[in-house]
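Chain by chain, the residues:
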Amino acid sequence: FNLSAAPDPNITNFHLQRITITDNVVQNIDASATFNGDGRGFLINQDVTDLIIAHNTLISPPNSAVMFGGPLTQPAVRLSVRDNITGGGAYGVKGPGLTSGTVTLTVLMPSGIFLGNVIIQASGSGYPSGNSLPSTTAAVGFFNANAFDFHLGSSSPYLRMATDGRDPGADVTGVNSAIQNVIVP
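Quantities reported herein were computed from a predicted structural model and do not represent experimental measurements. (Residues numbered from 1 in each chain as written. Predicted model: local features only at pLDDT ≥ 70, side-chain atom pairs only at ≥ 80, totals over all residues. Heavy atoms only, no water.)

Caption draft 1: Inspection of empty space enclosed by the protein at higher detail. Evaluation of the coordinates by the stated rule reveals one cavity of 30 Å³ or more. For the largest cavity, the calculated volume is near 70 Å³. (1 Å grid on protein atoms, 1.4 Å probe; cavity = no way out; pocket = protein on both sides within 12 Å on 5 of 7 lines; lining within 4 Å. Points joined across faces, edges and corners; volume = space filled by probe spheres on them.)

Put into structure tokens, the structure is as follows:
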């Protein structure tokens, strides 16, 4: 997901605001020739306003869970990133020239909420309390990640641990129901 406050100063545009991204399951994010990208879960540029990223499941982005493109003088306004399950990649949550985690969040989300997230990160330090940092995908306790079933299994330590009492991550049953009759060419 690439979200920019003002994409092109040479055309009339509207400032990105009041967007909610919820209940998505995204797998196989990579930087290979298949998708030809950087492998980021969310890229947030400039001072987006009133953006909610909640209850999404993003599996294994190799670069980052959330990357801020800057500039540092234009932080997001009222950005809420909560209750997601995502791979952290090499950088976790990072802004330009900043340390991953709390430092980035303090500078680029000063009026924001970052809570209830499960970030799969080899190094589990440097993030605000109220988030979980398992070191492997297996530690999340998906029902059957190898078969792309990203429901939380009955032994997952994260059951009903989201800020709203639900499971963190996407409503996988709802997503599967919504795409049940989709035909992929």
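Caption draft 2: Highlighting the pairing of strand 4 (residues 40-45). Burial analysis of strand 4 places five of its six residues in the buried class, which makes it a mostly covered element. In this sheet, strand 4 lies alongside strand 1 (residues 2-4) in parallel orientation, the contact comprising three bridges. Paired with S4 across the two strands is N45, which belongs to strand 4. (Buried < 20%, exposed > 50% of the residue type's maximum accessible area, 1.4 Å probe, protein only. Helix = DSSP H or I, 4+ residues; strand = E, 2+ residues; numbered from the N terminus. Pairing = 2+ DSSP bridges.)

Caption draft 3: Structural detail: the layout of surface pockets. If you add up the space inside the second largest pocket, you get close to 160 Å³. Elements that contribute at least two residues to the lining of the second largest pocket include exactly strand 14 (149-152) and helix 2 (172-178). The dominant element in the lining of the second largest pocket, judged by the number of residues it contributes, is strand 14, at three residues. Of the residues in the lining of the second largest pocket, the class split is six nonpolar, four polar and three charged. (Nonpolar A, V, L, I, M, F, W, Y, C, P; charged D, E, K, R; others polar.)

Caption draft 4: Representation of the nonpolar core within the structure. Counting 25 residues, the largest nonpolar core has I44 and L79 as its most contacted members. Elements represented by at least two residues in this core include exactly strand 4, strand 5 (49-54), strand 7 (64-70) and helix 1 (102-108). The leading source of residues in this core is strand 7, at three residues. (Core = buried A, V, L, I, M, F, W, Y, C linked by side-chain atoms within 4.5 Å.)

Caption draft 5: Geometry of the environment of A76. Topologically, A76 is positioned in the loop between strand 7 and strand 8 (80-82). In sequence terms A76 and L108 are 32 residues apart; their C-alpha atoms lie 6.0 Å from each other. Leaving out residues up to four positions away in the same chain, A76 has contacts with Q46, D47, V48, L108, P110 and S111. (Contact = heavy atoms within 4.5 Å.)

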